[in-house]
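# Working through the structure, step by step
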Amino acid sequence: MLLNIIETLGIISFVISGVMVAMQKKLDPFGILIIAFVTSTGGGTLRDLLLGVRPIFWLIDTSVVYTIIITTVVAIILRRYLKVLSKSLVLFDTIGIALYTIAGIEKSLAASLNPIICVAIGILSACFGGVIRDILCRRIPVIFKKEIYATACIIGGSAYFGLLYLIPNRNNIINIISILLIIIIRILAVRYKLQFPSIYAKAKTSS
Amino acid sequence: MLLNIIETLGIISFVISGVMVAMQKKLDPFGILIIAFVTSTGGGTLRDLLLGVRPIFWLIDTSVVYTIIITTVVAIILRRYLKVLSKSLVLFDTIGIALYTIAGIEKSLAASLNPIICVAIGILSACFGGVIRDILCRRIPVIFKKEIYATACIIGGSAYFGLLYLIPNRNNIINIISILLIIIIRILAVRYKLQFPSIYAKAKTSS
Amino acid sequence: MLLNIIETLGIISFVISGVMVAMQKKLDPFGILIIAFVTSTGGGTLRDLLLGVRPIFWLIDTSVVYTIIITTVVAIILRRYLKVLSKSLVLFDTIGIALYTIAGIEKSLAASLNPIICVAIGILSACFGGVIRDILCRRIPVIFKKEIYATACIIGGSAYFGLLYLIPNRNNIINIISILLIIIIRILAVRYKLQFPSIYAKAKTSS
């Protein structure tokens, strides 16, 4: 049940991020809808394809498609307010990746995969939607912005398994802590321009 | 049977569009062949992966591969004539998406999916080949050109289900009408530069 | 067994090529790891998805993930030496595609597919990782550099089936010859700037 809520919130976050990017590119409403659809379902579709989960999560669950359509319409109507919050793209994108990372890990665990592979699938499913959105809209993929992005997912995913080892029977708490951890790391990284210690400065000095 | 013809014509249309784009980028013949292959099979491959159809349509049907190779060779030989018809890229691309939209809807219906999801799969499978072609060849994805593109697919797909409700037993006629509808809407939109009423002008005035 | 060695060497080659491209783009270590992961598993993942092989090769085999992580760490540590060998990106990319082309053909043959379709899958799986790497890092896809690239794969793949016809029971020798053939053709093409006889010069003269 919590997994469903996590996935739905992840979809809504990615829809909003997709609408914001698509509107920056002045797409028409149906173009916006398609970007919103692909951004929000891309990661989960990749995850289900990799895991061999049949059917793909949105194929038989029309509530996903309706959630996407309604969120898109509402986001277009409220576009002026989204515009004001120009920082909010990062926020929604971050919430989306945090939720999707953990949903991906949970679904991979359900397929009895090794923790390191669960984390890999969690990260792939979290980043894939945003990568497609950015490629289609010809932006520099957000995953390559200097701010700690992949790192947040990897830390959050690792924390999930650390917590699972410590408190094996309290799954919901583990989910919530891991999700918040990813969001907080990423938001702090963006706000304070935290970066991973550069491996390139050294190279510069020495060569 | 009609579905096979539709799919074959869709493949030929996409091959020609792929050859034209690849030749604009001065690829060598094998590079052109690969772009033609990916453009024409990309959408159907995504569709079959999403629907869990096994095997993917071109894996066991060598006629698809031979159709692609022969069409590519003929298109390269007749390149001078294609060049004259520089507008024809839009035409072949349009025929391809129209045919693929309806083929995708039919295959989704065969998998007993909800109409709204059938339309989503129809559109994804119609647009995916062209999107890959444009990304690989570093063009602005045609799906983002101002002219009504996604809109044509959505209207055609919706018309399909409207007609199915009105004349449930005359499938071939429904197919043909829906395909022509998509082609006509898109061609008129390109010719008369029809655009969806902008949602951005208003935003400009008010902010 | 040889197929496993081929696949592992292909993964290592693609990891190194991914690390080199990601470092040119100044990604942080986790960003580099993700590019290395996607570059090295992309083609094989596509191949397994297309063939319907379950599970995807890296899902249950943690040695793949460890190989990728260790190779990435070593490549980052030895980055100064990789930098000196700036031509080596082409070399590792070439070894990767050669190995992956033949691995793709072997796996497709195991699925009883037609030779021409085996070659198609071999080429797709060989090129896909590099294409993703280049798209994510916003480089011109190496597949479109003038040097004979797709051509090398097609010749090597065809040679595989020619040899299989001549010496049906000596699979390992056939593998090795085909792999070396692809590598040699590509290296010679890059070194001596061999190109496919242009189909465009003629078009220029005549139009």
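Scope of this entry: the structure provided in the associated data block. (Residues numbered from 1 in each chain as written. Chains lettered and ligands numbered in written order. Predicted model: local features only at pLDDT ≥ 70, side-chain atom pairs only at ≥ 80, totals over all residues.)

### Quick look at the relation of the copies chain B and chain A
- The transformation that overlays chain B on chain A combines an axial shift of 0.0 Å with a rotation of 120°, and the residual RMSD is 0.0 Å. Both copies are brought into coincidence by an operation consistent with a three-fold rotation axis.
- Both copies present different contact surfaces, since only 9% of the interface residues of chain B are interface residues in chain A too. (Least-squares fit on C-alpha atoms with pLDDT ≥ 70 in both. Contact = placed C-beta atoms within 7 Å.)

### Observations concerning helix α3 (residues 62-77) of chain B
All names here are of chain B.
- End to end, α3 covers 23 Å across 16 residues, agreeing with the expected 22 Å (1.5 Å per residue, within 8%).
- Inspection of α3 places Val64, Ile68, Thr71, Thr72 and Ala75 among the buried residues, and these make up the whole buried set. Each buried residue of α3 sits inside an arc of 105° when the element is viewed along its axis, so together they form one side. More than 90 degrees from the buried face of α3, the exposed residues found are Ser63, Tyr66, Ile70 and Ile77. (Helix = DSSP H or I, 4+ residues; strand = E, 2+ residues; numbered from the N terminus. Expected span 1.5 Å × (residues − 1). Buried ≥ 20, exposed ≤ 12 C-beta atoms within 10 Å, placed from the backbone. Arc of directions from axis to C-beta.)

### Re the relation of the copies chain B and chain C
- Mapping chain B onto chain C calls for a screw motion: a turn of 120° about the axis and a shift of 0.0 Å along it, with 0.0 Å RMSD after fitting.
- Here only 9% of the contact residues of chain B are again contact residues in chain C; the copies associate through non-equivalent surfaces.

### Remarks on the packing of helix α2 (residues 29-51) of chain A against helix α6 (residues 115-136) of chain A
Residues and elements named next belong to chain A.
- Taken N-terminus to C-terminus, the directions of α2 and α6 make an angle of 145°; their axes are 8 Å apart at the nearest point. Considering only the axes of α2 and α6, their crossing is right-handed. Residues Ile35, Val38, Thr39, Ser40, Gly42, Gly43, Gly44, Leu46, Arg47 and Leu50 of α2 form the contact with α6, whose participating residues are Ile121, Leu124, Ser125, Ala126, Phe128, Gly129, Gly130, Ile132, Arg133 and Leu136.
- Here the residues of the contact of α2 with α6 sort into 10 nonpolar, 8 polar and 2 charged. (Axes fitted to C-alpha atoms, helices over the stretch in contact; angles between N-to-C directions. Left-handed = near helix turned anticlockwise from the far one by under 90°. Nonpolar A, V, L, I, M, F, W, Y, C, P; charged D, E, K, R; others polar.)

### Observations concerning helix α7 (residues 150-166) of chain B
- Its 17 residues place the ends of α7(B) 24 Å apart at the C-alpha level, agreeing with the 24 Å of an ideal helix rising 1.5 Å per residue.
- Three or more residues of α7(B) are buried, namely B:Ala150, B:Thr151, B:Ala152, B:Cys153, B:Ile154, B:Gly156, B:Gly157 and B:Tyr160.

### What to know about the interface of chain B and chain A
- Between chain B and chain A, the contact holds 23 residues from the first and 22 residues from the second.
- When residues of the side of chain B that touches chain A are traced back to their parent elements, those giving at least two are α2 (29-51), α6 (115-136), α7 and α9 (200-206) of chain B.
- Taken together, the residues of the side of chain B that touches chain A break down into 18 nonpolar, 5 polar and no charged.

### Some details on the interface of chain B and chain C
- Counting residues at the interface gives 22 residues for chain B, matched by 23 residues for chain C.
- Among the elements of the structure, α2, α3, α4 (79-84) and α6 of chain B are those that each provide at least two residues to the side of chain B that touches chain C.
- Ranked by the residues each element gives to the side of chain B that touches chain C, the list is headed by α2(B), at 6 residues.
- Along the lines of polarity and charge, the residues of the side of chain B that touches chain C split into 13 nonpolar, 2 polar and 7 charged.

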